[in-house]
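Close look at the chain arrangement
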Amino acid sequence: MGLFDNLFRMNIEWADDTQSRMVYKYPFKNSGKEVNNKSSLTVRESQVAIFVHKGQIADVFTPGLYKMETEILPILTKLASWQYKFETPITLDVYFVNTKQFTNIKWGTQNPFMMRDPEFGVIRVRGFGSFAFKVDDAPTFMRELFGTNSSFETADIQDYLKSMVVSGLTDAVGESRISAIDLAGNTMEFQTIVKSKIQESFKNIGLQLTNLIIENMSVPSEVEKALDERAKYGILGDATDTMMKVSAAEAMRESAKNPGVGGAFMGAGVGMAAGVGMGSVMGEAFKTASTPAPAAPATPAPASSAVCPSCGKSIASGSKFCPECGAKLNLKKFCSNCGSELKADAKFCSQCGFKVE
């Protein structure tokens, strides 16, 4: 019996020397897959051992050292219908599941997703970052994803998990109705929202999303250019009209540097390229510049005046001395139209009929 005891005395364990292996199937030697009460099991920290008998999960072991006795394998004992306290070996598979965190898994939007911005309308958005996860429920993970492979790496599931992250991010951005301007300033809030949104999906396959990092959210170059223009003028609200006026002023200043009509039209082209609707603004500017200023109204001649008998200069009615030569006036009134002498109380000139005022 000594040789028989040595044959089945073994220690089942896994010394993980990788950074990405999630599941390891223990390789029994010879006809192996056989254990009895002489065997032992060592489960290290951040590991879970699962015994599978005839394709069915029989028992799960957390970190510790175990001796294969029927007292610690009630489920397996029942399945195998053991009657000899493990003295007869049984064939089974032993899987070690790594429960440590797998970090720095990169994610990114392979294609931009659409969002409705309250200021720019429908635009395309890209994002990238990283996340971390671990196996939280080993039996569920075995049933849902692993199957009966001999090993399982993070690379075997990364694409699937990335699609879950991107889907959660797309939903979060769409439901938030946030503007493109505020995307970059709210990454921490989005991380929390997306993480809670997709946590249930991870749980359904036996995993836990332990961390999610959104490193960047970007918009198309044309939207970035529009944002830069707003920042240039310190305009962060709905200020399209103000931007048009500023652009028009810059265009007029540039056109003034170029003499002639050609320079003026060159400046107009610059103005139209700088903002929407510049054609009408510049058209009004040139229209104003080409319209001649109205002539100043002529100063009306005095309606009626007297004539100095000395120098013949017209003088205002009622004057006692001539403002030109200083001669004393005889206070006679004369018609300002024909020069005829008027009577003191005349209202019209007796010679030409001109109204005297």
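In short, a report on the structure. (Residues numbered from 1 in each chain as written. Predicted model: local features only at pLDDT ≥ 70, side-chain atom pairs only at ≥ 80, totals over all residues. Heavy atoms only, no water.)

Turning next to the nonpolar core. Membership of the largest hydrophobic core comes to 45 residues, with the highest contact counts inside it found for Met22, Val23, Phe131, Phe133, Phe141, Leu161 and Leu207. In terms of residue count, helix α4 (residues 158–176) provides more of this core than any other element does, seven residues in total. Sequence-distant contacts of Phe141, defined by excluding residues within four places in its chain, comprise Met22, Val23, Val135, Phe146, Phe152, Ile157, Ile205, Gly206 and Leu207. The next biggest cluster of nonpolar side chains, apart from the first, holds 16 residues, and it includes Tyr26, Leu41, Met68 and Val94. (Core = buried A, V, L, I, M, F, W, Y, C linked by side-chain atoms within 4.5 Å. Buried < 20%, exposed > 50% of the residue type's maximum accessible area, 1.4 Å probe, protein only. Helix = DSSP H or I, 4+ residues; strand = E, 2+ residues; numbered from the N terminus. Contact = heavy atoms within 4.5 Å.)

Right, let's talk about the packing of aromatic side chains for a bit. A ring pair, where both rings are aromatic, is described by two values, the distance of the centres and the angle of the planes. Counted under the stated rule, the structure contains seven aromatic pairs. Pairing Phe141 with Phe152 gives two aromatic rings, centres 5.5 Å apart and planes at 80°, and the pair type is edge-to-face. One end of the pair, Phe141, is in helix α3 (residues 138–146); the other, Phe152, is in strand β13 (residues 151–153), and 11 residues separate them in sequence. Accessibility assignment for this pair places Phe141 and Phe152 in one class, buried. (Phe/Tyr/Trp six-rings, centres within 6.5 Å; stacked < 30°, edge-to-face > 60°.)

Side-chain direction in a regular strand flips from residue to residue, so the side chains alternate between the two faces of the sheet. Side chains of strand β11 (residues 113–117) alternate between two faces, with Phe113, Met115 and Asp117 buried and Met114 and Arg116 left unburied. For β11 and strand β12 (residues 121–135), the ladder comprises five bridges, and the chain directions are antiparallel. Counterpart to Met114 in the pairing with β12 is Arg124. Linking two consecutive strands that pair antiparallel, namely β11 and β12, is a turn of three residues. (Pairing = 2+ DSSP bridges.)

Moving on, we get to the sheet that holds strand β9 (residues 93–98). Spatially, five strands are ordered β6-β5-β9-β2-β13 in an open sheet, and the strand pairing comes out antiparallel. Whereas interior strands pair on both sides, the edge strands pair on one side only; in this sheet they are β6 (56–61) and β13. Between one strand and the next, the sheet's axes are offset by a mean angle of 20°, whatever the strand orientation. Relative to β6, strand β5 (residues 47–53) runs antiparallel, the two sharing five bridges. What sits directly across from Phe51, in β6, is Asp59. Strand contacts of α3: β2 (21–25), β5, β6, β9 and β13, with the helix running at about 60° to β5, the strand carrying the most contacts. (Axes fitted to C-alpha atoms, helices over the stretch in contact; angles between N-to-C directions.)

Our focus in this paragraph is α4. Between the first and last C-alpha of α4 there are 27 Å, a value that for 19 residues agrees with the 27 Å anticipated at 1.5 Å per step. Along α4, the positions that sit buried rather than exposed are Leu161, Met164, Val165, Val166, Gly168, Leu169, Ala172 and Val173. If you follow the buried residues of α4, they end up packed against β10 (102–108), β11, β12, α5 (180–183), α6 (187–203) and β14 (207–218). Remark: Arg177 follows α4 within two positions and exhibits a positive phi of approximately 55°. (Expected span 1.5 Å × (residues − 1).)

Turning next to the sheet that holds strand β1 (residues 11–12). Read across the open sheet, the three strands follow the order β1-β4-β7; overall the sheet is mixed. Every other strand in the sheet has two partners, leaving β1 and β7 (64–67) as the edge strands with one partner each. Across four bridges, strand β4 (residues 40–43) lies against β7 in antiparallel orientation. By the bridge assignment, Leu41 is partnered in β7 with Tyr66.

At their nearest, the axes of α4 and α6 sit 9 Å apart, and the two run at 130° to each other. What the angle tells us is that α4 and α6 run oblique. Crossing handedness for the pair α4 and α6: right-handed. Along the contact surface, α4 presents Leu161, Met164, Val165, Gly168, Leu169, Asp171, Ala172, Val173, Glu175 and Ser176, while α6 presents Phe190, Ile193, Val194, Lys197, Ile198, Ser201 and Phe202. Looking at the contact of α4 with α6, its residues break down into 11 nonpolar, three polar and three charged. (Parallel < 35°, antiparallel > 145°, perpendicular 65-115°, else oblique. Left-handed = near helix turned anticlockwise from the far one by under 90°. Nonpolar A, V, L, I, M, F, W, Y, C, P; charged D, E, K, R; others polar.)

What follows deals with the environment of Val223. Here Val223 lies in helix α7 (residues 221–233). Separated by 100 residues in sequence, Val223 and Ile123 have C-alpha atoms that sit 8.3 Å apart. Each residue touching Val223, except ones within four places of it in the same chain, is listed here: Phe120 and Ile123.

These results come straight from atomic positions and should not be treated as a statement about function.
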